[in-house]
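The residues making up each chain are set out below.
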Amino acid sequence: MSIKIENLTHIYMPKSPFEKKALDDVSLEIMDGQFVALIGHTGSGKSTLIQHLNGLLKPSSGKIIVDDIDITQKGVKLSDIRKKIGLVFQYPEYQLFEETIEKDIQFGPRNLGLSEDEIDKRAKRAMKMVGLDYEMYKDKSPFELSGGQKRRVAIAGVVAMEPKILILDEPTAGLDPKGRDEILEQINILHKEYNMTIILVSHSMEDVAKLADRVIVMNKGKSILDGVPSEIFNKIEVLEEVGLAAPQVTYLVRALRNKGFNISSSVFTVEQAKEALLQYIKNTK
Ligand code: ADP
């Protein structure tokens, strides 16, 4: 299953004084099984782009082809798209509203018109997939939970639709470090164990370096860089020009290299820095 975006342009409020071109001729393809990070300064077009992928926004021009079907065509049912592509908005817990966690997670599958038996199974499975114990949590109110747990419930609600592709817009925003790590670990499990294709919008270069196998950089409505994390984070100057940065640890390693330490310049995670430093110590003994 792939998503092909062809020459996608989106203009908000066209032909008005507030006209704004938010996407400008974007073309890219996302392949089955990838973990793609979408990064870019605020206003670069990330949210606009992902909202096209499940049919929430319609292009001003261009196409979005999911599994050989152009979803921008008239007559394509949004529910069919959403069975394939799940979108978790920023602060998704604001959309929790049912009395119990189980009911909240069942809401999406119920809207798909599935049988009660299937709805039950889906909710149970989704809770397991996001690491929430079914018996312990099913009858609790979502509002009794911590921020991180609430977010898990909200993600489970999308996962319960069993999409092949899961898009998450800043899923760690506003969480404490423990909550952030837990959510990221869970997203990694959805990718690794449940084979979901992941598209992650993130501001954290550390998270991107740790998790993604492909990084797309947006600037002013265009995709300006697209590659594996090591390629992208080696282009520090380009990233800085568009208001981004490499992971912190990359700067640390650069500073060490400038001081004469002969360590690898391709370090983007703390784990890689540890390896590089150990290697350096070994070589200099
Ligand atoms: P990002 O997610 O990277 O922060 P957005 O896709 O939200 O970027 O925004 C891209 C551009 O489109 C920005 O200039 C933003 O102000 C504008 N924009 C976003 N949503 C709307 C809207 N509903 N109406 C008008 N302009 C919008």
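Structure: see above.
Described below are features of the structure shown in this document. This is a predicted model, so every value here is computed, not measured.

### What to know about the site of the ligand
Move 1: Around the ligand, the surrounding shell consists of Tyr12, Met13, Lys20, Ala22, His41, Thr42, Gly43, Ser44, Gly45, Lys46, Ser47 and Thr48.
Move 2: At a separation of 3.1 Å, an oxygen atom of the ligand approaches a polar backbone atom of Ser44.
Move 3: At 2.5 Å, a side-chain N or O of Thr48 approaches an oxygen atom of the ligand.
Move 4: Taking 560 Å² as the accessible area of the ligand by itself, protein coverage stands at 64%.
Move 5: Every element with two or more residues in the shell around the ligand is listed here: β2 (20-30) and α1 (46-53).
Move 6: Among the elements that take part in the shell around the ligand, α1 stands out by supplying 3 residues, more than any other.
Move 7: Here the shell around the ligand is composed, by residue class, of 3 nonpolar, 7 polar and 2 charged.

### Some remarks on the packing of aromatic side chains
Move 1: Taken as a whole and assessed by the stated rule, the structure comprises 4 aromatic pairs.
Move 2: Between the aromatic rings of Tyr91 and Tyr94, the centroid separation amounts to 5.6 Å while the plane-to-plane angle is 10°, which identifies the pairing as stacked.
Move 3: The exposure class assigned to Tyr94 is exposed, which follows from its relative accessible area of 66%.
Move 4: Considering the side-chain rings of Phe97 and Phe107, the 5.2 Å spacing of their centres and the 85° angle between planes classify their relative orientation as edge-to-face. Of this pair, Phe97 sits in the loop between β6 (85-88) and α3 (101-111) while Phe107 sits in helix α3, and the two are 10 residues apart along the sequence.

### Section: the sheet that holds strand β9 (residues 214-219)
Move 1: Taking strand neighbours across the sheet as the criterion, the 6 strands line up as β6-β7-β8-β3-β9-β10 in an open arrangement whose pairing is mixed. This sheet does not close on itself; its edge strands, each paired only once, are β6 and β10 (222-227). Put simply, the sheet's adjacent strands are angled 15° from each other on average, direction ignored.
Move 2: In this sheet, β10 lies alongside β9 in antiparallel orientation, the contact comprising 5 bridges. Within β10, the residue paired with Val215 across the bridge is Gly227.
Move 3: Here helix α6 (residues 147-159) sits on the sheet and contacts β6 and β7 (165-169); the angle it forms with β6, its principal contact strand, is near 160°.

Rules used in this analysis
Residues numbered from 1 in each chain as written. Predicted model: local features only at pLDDT ≥ 70, side-chain atom pairs only at ≥ 80, totals over all residues. Heavy atoms only, no water. Near = heavy atom within 4 Å. Polar contact = N/O pair within 3.5 Å; in protein donor to acceptor, adjacent residues only side chain to side chain. Areas by Shrake-Rupley, 256 points an atom, 1.4 Å probe, with all protein chains shown as cover. Helix = DSSP H or I, 4+ residues; strand = E, 2+ residues; numbered from the N terminus. Nonpolar A, V, L, I, M, F, W, Y, C, P; charged D, E, K, R; others polar. Phe/Tyr/Trp six-rings, centres within 6.5 Å; stacked < 30°, edge-to-face > 60°. Buried < 20%, exposed > 50% of the residue type's maximum accessible area, 1.4 Å probe, protein only. Pairing = 2+ DSSP bridges. Axes fitted to C-alpha atoms, helices over the stretch in contact; angles between N-to-C directions. Contact = heavy atoms within 4.5 Å.

Don't take any of this as a statement about function, it's just geometry.
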